[in-house]
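# Coordinate inspection notes
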Amino acid sequence: MPPKKKGADEVKVRLGRPGNNVKMGIVGLPNVGKSSFFNALCKMSVPAENFPFCTIDPTVSRVEVPDERFEWLCEHWKPASKVPAFLTVTDIAGLVKGASRGEGLGNAFLSHIFAVDGIFHMVRLFDSEDITHVEGSIDPVRDIEIISSELRIKDMEKIYKELQNIENKRTKLSKEEEYQKQLYRTLIDQLEEGTDVRFGEWKATDVEYLNPLGLLTAKPLIFLLNMSKKDFIRKKNKHLAKVHKHISEKYPGSQMIPFSVELEQEFIDNETTNEQMEEFAKENNGARSQMPKIIWSGYKSLELFHYFTGGKDEVKCWTIREGTKAPQAAGVIHTDFERVRPPRTQQNRFPLRCA
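Described below are features of the structure shown in this document. Owing to the predicted nature of the structure, the values given are computational and were not obtained by experimental measurement.

### Quick notes on the packing of helix α1 (residues 34-43) against helix α9 (residues 261-269)
- Running from amino to carboxyl end, α1 crosses α9 at an angle of 25°, the nearest separation of the two axes being 10 Å. On the basis of their axis angle, the class for α1 and α9 is roughly parallel. Note on packing geometry: the crossing formed by α1 with α9 is left-handed. Contacts between α1 and α9 pair S36, F37, A40 and K43 from the former with V261, Q265, I268 and D269 from the latter.

### A look at the sheet that holds strand β9 (residues 314-321)
- The strand order across the open sheet built from three strands is β3-β9-β8, with neighbouring strands paired in mixed fashion. Since the sheet does not close on itself, it has two edges, and those belong to β3 (81-83) and β8 (304-310), each with one partner. Each neighbouring strand pair of the sheet contributes to a mean axis angle of 20°, computed without reference to strand direction.
- Here β3 pairs with β9 via three bridges, running parallel. Bridge pairing links V83 to K316 in β9.

### Quick word on the packing of aromatic side chains
- Applying the stated rule across the entire model yields seven aromatic pairs.
- Here the aromatic rings of F267 and F280 are separated by 5.1 Å at their centres, their planes lie at 85°, and the arrangement is edge-to-face. Taken together, the positions of F267 in helix α9 and F280 in helix α10 (residues 274-283) put the pair 13 residues apart, joining distant regions of the chain.
- Through a chain of ring-to-ring contacts, three or more aromatic side chains come together here, namely F37, F120 and F259.

Conventions and cut-offs
Residues numbered from 1 in each chain as written. Predicted model: local features only at pLDDT ≥ 70, side-chain atom pairs only at ≥ 80, totals over all residues. Heavy atoms only, no water. Axes fitted to C-alpha atoms, helices over the stretch in contact; angles between N-to-C directions. Helix = DSSP H or I, 4+ residues; strand = E, 2+ residues; numbered from the N terminus. Parallel < 35°, antiparallel > 145°, perpendicular 65-115°, else oblique. Left-handed = near helix turned anticlockwise from the far one by under 90°. Contact = heavy atoms within 4.5 Å. Pairing = 2+ DSSP bridges. Phe/Tyr/Trp six-rings, centres within 6.5 Å; stacked < 30°, edge-to-face > 60°.

Next comes the structure, spelled out in structure tokens:
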């Protein structure tokens, strides 16, 4: 490989699968609000007819990414067809302590997490006599560590297997295999210390070996802190400060979104308009739906954004990953566009604004 030019920036290699067809998964213990949250998302789903030749699994929801620019384009063109940007979210059944050892059908559920690209970690902060807790009490910090530990254990099992495959070879290891062996040992040490893979400082070469493993703790993660309606409106909860401190110290930089599934269900069931939402916020300490923030946060955590095409026939959002170059971005519409460069007189004729 030729030496890197002085002053040249190293190309960032992202952890995770390449491509635009990526999705989030909802993870958490049983009875923390995952199913209710997913049901709320289902009521917001983009109609299936907007995606030809596609059957949507009942455990998958495609929810529209709210965008005022898309709404403006639709209002301007009044098109026959409207295709918004969407976020795909998978509902994953509740994990329990010992899932990595097969407890509670845990191995099946953990395999579902391998299939997604980012995680909404639902954490229960609300008390309820009617909804039991699998651990017998409300302790959000304990619950976070139960889920996180199970994910780390599963990652270690996968890495151990890869490491054994290399170490059991009878022939002399190549330089590449020696590099992998050292990398896997570093990974295991980090996970045993309780640090997720995504917090490691990995070189581009490391990431090329990490990505095929699909490690659970390498995936971007957002903590959804599910409060009661009353607590969310008054912006107070006895667990909130402790949870915030724990996440900030153990998972630095991770996004936390306090919200109330109970309140979100009410907004959706009542088909609350934007005007009604603002009126509700004025009367209730500024409390409003957090669904737009949650959806956008999931979309951004997967490094997605979109551009638009518009006309009387159709206004459509085209989703691409951050860092996609213009020819590849055009290729999302049609592969021919990726190969053909437009005449100079047509370039920059219209301003392009992306999400």
